[in-house]
Amino acid sequence: MSSTIHNISFDCHDTYALAGFWSQVFDCPRQPDDFPGDPEAMLLPPGGPEVLFLAVPEGKTVKNRLHLDLQPADRSRAEEVERLLGIGAVLVADQTRPDGSGWAVLADPEGNEFCVLRSAAERAAGDAVTGASEPV
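Notes on the structure in this doc start here.

Rules used throughout
Residues numbered from 1 in each chain as written. Predicted model: local features only at pLDDT ≥ 70, side-chain atom pairs only at ≥ 80, totals over all residues. Heavy atoms only, no water. Pairing = 2+ DSSP bridges. Helix = DSSP H or I, 4+ residues; strand = E, 2+ residues; numbered from the N terminus. Axes fitted to C-alpha atoms, helices over the stretch in contact; angles between N-to-C directions. Phe/Tyr/Trp six-rings, centres within 6.5 Å; stacked < 30°, edge-to-face > 60°. Buried < 20%, exposed > 50% of the residue type's maximum accessible area, 1.4 Å probe, protein only. Lys NZ or Arg CZ within 6 Å of the ring centre and 35° of its normal. Salt bridge = Lys/Arg side-chain N within 4 Å of Asp/Glu carboxyl O.

### Notes on the sheet that holds strand E1 (residues 7-12)
Move 1: Strand order across the open sheet formed by three strands is E1-E3-E2, with mixed pairing between neighbours. Whereas interior strands pair on both sides, the edge strands pair on one side only; in this sheet they are E1 and strand E2 (40-43). Within the sheet, the average angular offset between the axes of one strand and its neighbour, ignoring direction, is 20°.
Move 2: As paired elements, E1 and strand E3 (residues 50-55) share six bridges and run parallel to each other. Its bridge partner lying in E3, Cys12 is registered against Ala55.

### Considering the sheet that holds strand E7 (residues 113-116)
Move 1: The sheet built from four strands is open, its strands ordered E4-E7-E6-E5 with mixed pairing. Either end of the sheet is taken by a strand with one partner, and the two such strands are strand E4 (68-70) and strand E5 (90-94). Neighbour-to-neighbour, the strand axes of this sheet turn through a mean angle of 30°, independent of strand direction.
Move 2: As paired elements, strand E6 (residues 104-107) and E7 share four bridges and run antiparallel to each other. Looking across to E7, one finds that Leu106 is bridged to Phe114.

### Brief notes about the packing of aromatic side chains
Move 1: Following the criterion strictly, the structure yields six aromatic pairs and no others.
Move 2: With 5.3 Å between their ring centres and 20° between their planes, Phe10 and Phe53 make a pair best called stacked. Here the residue Phe10 occupies a position in strand E1, and Phe53 occupies one in strand E3, the gap between them amounting to 43 residues.
Move 3: On the basis of relative accessibility, which here comes to 8%, the residue Phe10 falls in the buried class.
Move 4: In this structure Phe53 comes out as buried when scored by relative accessible area, which is 0%.
Move 5: An aromatic cluster of three or more residues is present, and its members are Phe10, Phe21, Trp22, Phe26, Phe53 and Phe114.
Move 6: The ring of Tyr16 has Arg30 sitting right over it, with the charged end atom 3.7 Å from the ring centre.

### What to know about the pattern of salt bridges
Move 1: Using the criterion set out here, one finds four salt bridges in the structure.
Move 2: Of the charged contacts, one joins Glu80 and Arg75 as a salt bridge, the two residues approaching to 2.9 Å between their closest N and O atoms.
Move 3: Residue Arg83 pairs with Glu80 through a salt bridge whose shortest N-O separation is 2.8 Å. Of this pair, Arg83 and Glu80 both sit in helix H2 (residues 77-86), three residues apart, which is roughly one turn of the helix.
Move 4: Each member of the salt-bridge network shares a partner with another, and the members are Asp74, Arg75, Glu80 and Arg83.

Below, the structure is given as structure tokens:
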């Protein structure tokens with residue numbers, strides 16, 4: 001028997017604030033019983049595992065060993081990156097290639113890195129032009 005992902009956890013200082021940022025990313029509300037100062041907070045994004053935020057005393061000091069790759073559902077990668085920057089993300093690196101493939105590396109307000117890939121429509125359009133299929 002295999003395992004399934006029950007939740008994805010983020011260690012952070014301010015569970016409520018970071019859950020608020022990610023609630024905007026995933027377009028889902030915080031749980032109604034989560035309040036400022038709580039030691040944990042949780043989101044239930046549609047179609048995904050629970051996202052849990054746990055208060056820890058130490059700050060982030062090195063690059064994430066695990067990160068999320070996000071694919072916009074209804075807009076381009078560039079539009080999604082602009083939206084995320086507008087809600088508090090920071091651009092870490094733009095890995096977009098001249099042919100449009102690649103990704104953007106962003107960080108949430110507590111420094112956790114995540115990537116934004118091309119949308120499915122952008123990937124399909126790029127594959128139609130090149131005649132090949134590539135993962136990002």
